[in-house]
Amino acid sequence: MAKFVYRMQNILDIKYKLEASAKSDYALAMAKLNEEEEKLAALYLRKQQYEIESKKLLEDTLDIKELNANKKAIDTMKSLIRTQAMQVHLAQKNVEAEREKLNEIMVDRKTHEKLKEHKFEEFKRELAVEENKEIDQLVSYKFNNE
């Protein structure tokens, strides 16, 4: 019996490897995004703590040095939050780029898989035709010899 050999199997194998690589790149980008979002959340929490501390300082006897230091800390947190928000945005863009790259590679791989499936179906049809020819020859040989 004939064996099906896909001539472009090595290309399909490369597509699988590219897809695996793109998946790992996407996972790394997602991990980086999660890390940046966690940093941003921590900065918001610290800012909130400074604001709570500021309210407490206003309720007690006024200590101008502490109030100024607290206000400076809040301003610093706002600046850090803006910077970190830009980092999060950059990480989101990177994730989106990796997702698009992965999607493109997956479409390419699926296209090659479809080509392989079509070639296999064509192979099966050719094999069926050959088998039918052999059966016809065998039947006509038996019919002529009887």
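That block above? That's the structure.
What you see is a predicted model, and the numbers here were worked out from it, not measured in a lab. Every chain is numbered on its own, with residues counted from 1 as its sequence reads. Only residues with pLDDT of at least 70 get local features here, since the model is predicted, and only at 80 or more are side-chain atom pairs given and counted; chain-wide, interface and lining totals rely on the full set of residues. Side-chain figures throughout are based on the complete set of non-hydrogen atoms in the structure, without hydrogens or water.

Asker: What is the right way to read a nonpolar patch on the surface from this model?
Answerer: For patch detection, residues must exceed 30% relative accessible area and be free of salt bridges, and they are connected within 9 Å for like charges or within 5 Å for nonpolar side chains (Val, Leu, Ile, Met, Phe, Trp, Tyr). To measure how exposed things are, a 1.4 Å probe is used in the Shrake-Rupley method; for residues, cover is taken only from the protein chains shown. Counted as salt bridges are all cases of a side-chain nitrogen of Lys or Arg within 4 Å of a carboxyl oxygen of Asp or Glu. On the surface, a nonpolar cluster with roughly 210 Å² of combined accessible area is contributed by Met8, Ile11 and Leu115. Inspection of the secondary structure puts Ile11 in helix H1 (residues 9-59). Starting at the N terminus, helices and strands are each numbered in turn, a helix being any DSSP run of H or I of at least four residues and a strand any DSSP run of E of at least two.

Asker: Help me understand the packing of aromatic side chains in this model?
Answerer: How two aromatic rings sit relative to each other is given by the distance of their centres and the angle of their planes. Centres within 6.5 Å make a pair out of two Phe, Tyr or Trp rings, where for Trp the six-membered ring is used; the pair is then stacked when the planes are under 30 degrees apart, edge-to-face when over 60, and tilted otherwise. Tallying each qualifying case throughout the model produces three aromatic pairs. Arranged with centres 5.0 Å apart and planes meeting at 75 degrees, the rings of Phe4 and Phe120 form a pair that is edge-to-face. Taken together, the residues span a long stretch of sequence, with Phe4 in the segment before H1 and Phe120 in helix H2 (residues 64-145) at a distance of 116 residues. Each residue is placed in one exposure class: buried if its accessible area under a 1.4 Å probe, protein chains only, is under 20% of its type's maximum, exposed if it is over 50%, and partly exposed if it falls in between. For Phe4, a relative accessible area of 22% puts it in the partly exposed group. The interplanar angle of 25 degrees and the centroid separation of 6.4 Å between the aromatic rings of Phe120 and Phe123 together place this pair among those described as stacked. Of this pair, Phe120 and Phe123 both sit in helix H2, separated by three residues, roughly a single helical turn. Members of the aromatic cluster, connected to one another through ring pairs, are Phe4, Phe120 and Phe123.

Asker: Any chance you could explain the pattern of salt bridges here in plain terms?
Answerer: Should the charged atoms of two oppositely charged side chains come close, the side chains can pair. Applying the stated rule across the entire model yields 11 salt bridges. With a closest N to O distance of 2.2 Å, Glu19 and Arg109 form a salt bridge. Taken together, the residues Glu19 in helix H1 and Arg109 in helix H2 connect sequence positions 90 residues apart. Assessed through its relative accessible area of 5%, Glu19 is described here as buried. The buried category is assigned to Arg109, whose relative accessible area is 11%. For the salt bridge of Lys101 with Asp25, the shortest nitrogen-to-oxygen distance reads 3.6 Å. Of the two residues, Lys101 sits in helix H2 while Asp25 sits in helix H1, which places them 76 residues apart along the sequence.

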